[in-house]
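Breakdown of the fold
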Amino acid sequence: MATTLQIIDAVVARLKAKLPQLAVEYFPDRPSEYRLNHPKGALLVSYPGSQFDGTVDISYVAQPRVVRLSVAVLLRQLNGKGGAVDVVDDVRRALVGWRPPDCRKVQAKAETFLGETAGIWQYTVELTSQCMLVEDADVDTESPLTQVTYEEAP
C-alpha cells in the first residue's frame with residue numbers, strides 16, 4: 001500500500017513529465033517566503049488531507065480513503081497560450097484519469113481563482129483519488145481454525 005508521500009511524489013513526477021516547461025515543486029514549508037524564480041511559472045503540489053469512510057471488514061480495519069490533492073498554479077501570464085487559464089486545463093488533463101500508486105483514477109473536484117499578487121496569477125486545481133486504508137495487522141496472532149462442524153439450516 002502506497003504512503004501519502006509516495007502518492008504526492010507520483011503526482012510531482014507526473015506533472016514534471018507532462019508539463020516540462022514549468023517548475024513543478026512540493027508546496028513550500030513557508031509559503032509567505034516562496035519566490036517564483038522560473039521565467040514562466042510553477043506548479044506547487046500539496047496534500048490538504050484525506051477523508052475516511054467506515055470499515056468494510058469485520059475482522060480487520062479496512063477503510064475507503066479519499067485522498068485530496070491540490071496543485072497551485074502560479075503563472076506570470078493570465079490569458080493566452082501558456083497562461084494561467086491554459087495551464088489549469090493542462091494540469092487537469094495531466095492528472096484526471098491517471099492512476100497514482102495503489103489508488104483509483106484521479107478525479108477533478110474544483111478549480112479556484114485566487115487572484116494576482118506582484119504580477120503572478122494564481123489558481124488552485126483540487127483533485128481526489130480513492131484508495132484503501134488497511135490496518136497493519138500482526139500476523140499469526142489469532143487462533144487458527146482447527147475444527148469445522150457442518151450443520152444444515154432448517
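Side note on the packing of aromatic side chains
- Applying the stated rule across the entire model yields 2 aromatic pairs.
- On the basis of an interplanar angle of 55 degrees and a centroid distance of 5.0 Å, the ring pair of Phe113 and Tyr123 is categorised as tilted. Linking Phe113 in strand β4 (residues 107-117) with Tyr123 in strand β5 (residues 120-134), this pair joins segments that are 10 residues apart in sequence.
- Classification of Tyr123 as buried rests on a relative accessible area of 16%.
- An aromatic cluster is present here, built from Phe113, Trp121 and Tyr123 joined pairwise through their rings.

Brief notes about the environment of Leu75
- The topology assignment puts Leu75 in strand β3 (residues 62-75).
- Among residues more than four places away in sequence, those in contact with Leu75 are Leu22, Lys40, Gly41, Gly82, Gly83, Ala84, Val87, Gly119, Ile120 and Trp121.

A closer look at helix α1 (residues 4-18)
- Taking 1.5 Å per residue as the helical rise, α1 with its 15 residues ought to reach 21 Å, and the 21 Å between its terminal C-alpha atoms agrees with that figure.
- Residues Ile7, Ile8, Ala10, Val11, Val12 and Leu15 constitute the buried set of α1.
- Residues of α1 that are buried sit in contact with β1 (23-26), β2 (41-52), β3 and α2 (84-95).

A few points about the sheet that holds β3
- Spatial ordering of the open sheet is given by β1-β2-β3-β5-β4, a layout of 5 strands whose pairing is mixed. Two strands close off the open sheet at either side, each with one partner strand: β1 and β4. Averaged over all pairs of adjacent strands, the angle between strand axes in this sheet comes to 25 degrees, irrespective of strand direction.
- Alignment of β1 against β2, held across 4 bridges, turns out to be parallel. Opposite Val24, over in β2, you have Leu43 as the bridge partner.
- The sheet strands contacting α2 are β2, β3, β4 and β5, and the helix crosses β3 at an angle near 150 degrees.

About the criteria used
- Residues numbered from 1 in each chain as written.
- Predicted model: local features only at pLDDT ≥ 70, side-chain atom pairs only at ≥ 80, totals over all residues.
- Heavy atoms only, no water.
- Phe/Tyr/Trp six-rings, centres within 6.5 Å; stacked < 30°, edge-to-face > 60°.
- Helix = DSSP H or I, 4+ residues; strand = E, 2+ residues; numbered from the N terminus.
- Buried < 20%, exposed > 50% of the residue type's maximum accessible area, 1.4 Å probe, protein only.
- Contact = heavy atoms within 4.5 Å.
- Expected span 1.5 Å × (residues − 1).
- Pairing = 2+ DSSP bridges.
- Axes fitted to C-alpha atoms, helices over the stretch in contact; angles between N-to-C directions.

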